[in-house]
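Working through the structure, step by step
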Number of protein chains: 2
Amino acid sequence: MDKTKIDANFFIPMPVVLVGTQVSGKANFMTAGWCSRANARPPMILCGIGNHHFTHRGIEETKTFSVNLPSSKLLEKTDYCGIVSGEKADKSRLFDVFYGSLKTAPMISECPVCIECRLVQSIPLPTNTIFIGEMAGVYANGNVMKEGKPDFEAIDPLFLTMTDNRYWTLGKNAGDAWRAGRSLISNDRES
Amino acid sequence: MDKTKIDANFFIPMPVVLVGTQVSGKANFMTAGWCSRANARPPMILCGIGNHHFTHRGIEETKTFSVNLPSSKLLEKTDYCGIVSGEKADKSRLFDVFYGSLKTAPMISECPVCIECRLVQSIPLPTNTIFIGEMAGVYANGNVMKEGKPDFEAIDPLFLTMTDNRYWTLGKNAGDAWRAGRSLISNDRES
């Protein structure tokens, strides 16, 4: 297939999360799509946050943050948290907030899964900072757990694509990881 | 909603990519779900790779790598690249490979979007390394571009959830980013 070089400002599809911080003692939440697991053992997660964001200040202040996974039902409030800065609006009462063992990483009761993180490392880049946090506690609603595992159809997460700037739901189950490609191993051995 | 503390080894939903490297002069590809934009300007992307992976060696060797976005049609080959290490199998002929300006970051013709990256920084963590790369070139098929922008329905990307270990397609368009939450701004002003 012929390829054309396109604008380098490309974004792979992103899971949508709400990053929780405490700034000057008050809970704040920011929508983020630059979020990924960072380390397997111990479990660590990372978020890329704009250097001038209010959330950046919050993470630096308490050395803790939370990552909350909103379901598609929370689309409006989630988008709102990406439009309005905590510097201009008080987002502390937008959700029912709870705290875990870290005490300074506000989490969102309405989100089916919430992770509280202890800051491990900050990687400053030209316009953003990568914050890596150890996952100190993960909290889930009972109705999104199935046989002890998170059930992502029940979680009903959101995804974001840019630069078309659209949210998406999770689609169809397309196959099993570490199974779907096994037939190619046999072919390989036979050849 | 009442929350229960669950296993800290939780994974947020992940976009599925194939990371391309050259190891001892030969192209190799590894499936990865720990991938995110890292910086806005200049565009940078990051991947979390297990410290003992063959791909880790390739990135260290050439200081370049590629991030390829497979469509759901490539599910079997994509999963295969996550099952079998390049140390044991030659994956250089699994795809039609092409190179861009960096010369040492092999890309996959069959993937609708491919990104070649110049290594900027490596962040060693206990079991994984975060490789941050500047996006030196992005290549796309003409049929996934719509009015100059990537069309994600046409790209038809894959997602991975763990620990249920399932691949998923992109679901329904759920709303517009930086628009869906605007009504809450008005409410805020009125209150």
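Let me begin by describing the structure that accompanies this report. (Residues numbered from 1 in each chain as written. Chains lettered and ligands numbered in written order. Predicted model: local features only at pLDDT ≥ 70, side-chain atom pairs only at ≥ 80, totals over all residues. Heavy atoms only, no water.)

Another point: the overall build of chain A. Summing up its helical and strand segments, chain A has 4 helices and 15 strands in all. By principal-axis analysis of the C-alpha atoms, chain A measures approximately 65 × 45 × 30 Å. Looking at chain A as a whole, 62% of its 191 residues are labelled buried. Taking as baseline every contact in chain A between residues at least 6 positions apart, the subset at least 24 positions apart corresponds to 59%. Summed over all atoms, the accessible surface of chain A reaches about 7700 Å², with 47% contributed by carbon and sulfur. Of note, chain A has its 21 positive side-chain charges centred 3 Å away from the centre of its 20 negative side-chain charges. (Helix = DSSP H or I, 4+ residues; strand = E, 2+ residues; numbered from the N terminus. Buried < 20%, exposed > 50% of the residue type's maximum accessible area, 1.4 Å probe, protein only. Contact = heavy atoms within 4.5 Å. Areas by Shrake-Rupley, 256 points an atom, 1.4 Å probe, with all protein chains shown as cover. Lys, Arg positive; Asp, Glu negative; His and termini not counted. Charge placed at Lys NZ, Arg CZ, Asp CG, Glu CD.)

Enumeration over the complete set of coordinates arrives at 9 aromatic pairs over all chains. Between the aromatic rings of Phe29(B) and Phe95(B), the centroid separation amounts to 5.6 Å while the plane-to-plane angle is 90°, which identifies the pairing as edge-to-face. Taken together, the residues span a long stretch of sequence, with Phe29(B) in strand β4 (residues 26–32) and Phe95(B) in the loop between α2 (75–83) and β8 (97–98) at a distance of 66 residues. Over the face of the ring belonging to Phe11(B) we find Arg37(A), whose NZ or CZ atom lies 4.2 Å from the ring centre. (Phe/Tyr/Trp six-rings, centres within 6.5 Å; stacked < 30°, edge-to-face > 60°. Lys NZ or Arg CZ within 6 Å of the ring centre and 35° of its normal.)

The next subject is unusual backbone geometry. As a rule of thumb, non-glycine residues mostly have phi less than zero, and peptide bonds are mostly trans rather than cis. Each neighbour pair has its own omega, and for Met162(A) with Thr163(A) the value is 10°, a cis peptide bond. Considering the arrangement of structural elements, one finds Thr163(A) in the loop between β14 (158–161) and β15 (166–176). Phi is positive for Lys103(B), close to 70°, though the residue is something other than glycine. Its relative accessible area of 60% is what places Lys103(B) among the exposed residues. Its identity is not glycine, yet Trp178(B) carries a phi of approximately 65°, on the positive side. Assignment of secondary structure puts Trp178(B) in the loop between β15 (166–176) and α4 (182–190). The class for Trp178(B) is partly exposed, based on a relative accessible area of 32%.

Here we come to the relation of the copies chain A and chain B. For the pair chain A and chain B, the relating rotation is 180°, the translation along its axis is 0.0 Å, and the fit reaches an RMSD of 0.0 Å. The symmetry that links the two subunits is that of a two-fold axis. Closest approach to the rotation axis among the C-alpha atoms of chain A is made by Gly171(A), whose C-alpha sits 1.7 Å away. Looking at the interface residues of chain A, 100% of them are also at the interface in chain B, so both copies use one shared face. (Least-squares fit on C-alpha atoms with pLDDT ≥ 70 in both.)

Let us now look at the interface of chain A and chain B. Facing 99 residues of chain A, the contacting portion of chain B comprises 99 residues. Remark: the boundary between chain A and chain B carries 0 salt bridges. It is β15(A) that provides the largest number of residues to the side of chain A that touches chain B, a total of 11 residues. Partitioning the side of chain A that touches chain B into residue classes produces 58 nonpolar, 23 polar and 18 charged. Both strand β11 (residues 128–141) of chain A and strand β1 (residues 3–6) of chain B contribute to a ladder of 4 bridges, which runs antiparallel. (Salt bridge = Lys/Arg side-chain N within 4 Å of Asp/Glu carboxyl O. Nonpolar A, V, L, I, M, F, W, Y, C, P; charged D, E, K, R; others polar. Pairing = 2+ DSSP bridges.)

Within the element layout of this structure, Ser92(A) appears in the loop between α2 (75–83) and β8 (97–98). Aside from chain neighbours lying at most four places away, what touches Ser92(A) is Lys26(A), Ala27(A) and Val97(A).

The next thing to look at is the sheet that holds strand β2 (residues 14–15) of chain A. The strand order β2(A)-β14(A)-β15(A)-β15(B)-β14(B)-β2(B) describes an open sheet built from 6 strands, whose pairing is antiparallel. Strands at the two margins of the open sheet, each flanked by one partner only, are β2 of chain A together with β2 (14–15) of chain B. Pairing of β14(A) with β15(A), which is carried by 4 bridges, proceeds in the antiparallel orientation. Its bridge partner lying in β15(A), Leu160(A) is registered against Tyr167(A). Lying over the sheet, α2(A) contacts β14 and β15 of chain A together with β15 of chain B, oriented at roughly 75° with respect to β15(B). Contacts between α2(B) and the sheet are confined to β15 of chain A together with β14 (158–161) and β15 of chain B, with β15(A) contributing the most and set at about 75° to the helix. (Axes fitted to C-alpha atoms, helices over the stretch in contact; angles between N-to-C directions.)

Now for empty space enclosed by the protein. Counted according to the given criterion, the structure contains 1 cavity of 30 Å³ or more. The set of elements that each furnish at least two residues to the lining of the largest cavity consists of β5 (35–39) of chain A together with β2 of chain B. Ranked by residues supplied to the lining of the largest cavity, first place goes to β5(A) with 3 residues. Residues of the lining of the largest cavity, tallied by class, amount to 7 nonpolar, 2 polar and 1 charged. (1 Å grid on protein atoms, 1.4 Å probe; cavity = no way out; pocket = protein on both sides within 12 Å on 5 of 7 lines; lining within 4 Å. Points joined across faces, edges and corners; volume = space filled by probe spheres on them.)

This part covers the pairing of β14(B). Within a regular strand, side chains alternate between the sheet's two faces. All names here are of chain B. Residues Leu158 and Leu160 of β14 are buried on one face, and the alternating residues Phe159 and Thr161, pointing to the opposite face, are buried as well. Direction of pairing for β2 relative to β14: antiparallel, over a ladder of 2 bridges. Counterpart to Met14 in the pairing with β14 is Leu160. Two successive antiparallel strands, β14 and β15, enclose a turn made up of 4 residues, where Asn165 displays a positive phi of approximately 55°.

Judged by nonpolar contacts, the single largest core of 58 residues is most densely connected at Phe10(A) and Phe10(B). Residues contacting Phe10(A), with those up to four places away along its chain left out, are Arg37(B), Leu69(B), Val113(B), Ile115(B), Met135(B), Val138(B), Pro150(B) and Phe152(B). (Core = buried A, V, L, I, M, F, W, Y, C linked by side-chain atoms within 4.5 Å.)

This next bit is on helix α1 (residues 54–62) of chain B. Spacing of three or four residues puts side chains on the same side of an α-helix, whose turn is 3.6 residues. Regarding α1(B), the residues found buried are Phe54(B), Thr55(B), His56(B), Gly58(B) and Ile59(B). Summarising the contacts, the buried residues of α1(B) are in contact with β3 (17–23), β4, β6 (44–50), β7 (64–69), β10 (113–124) and β11 (128–141) of chain B.

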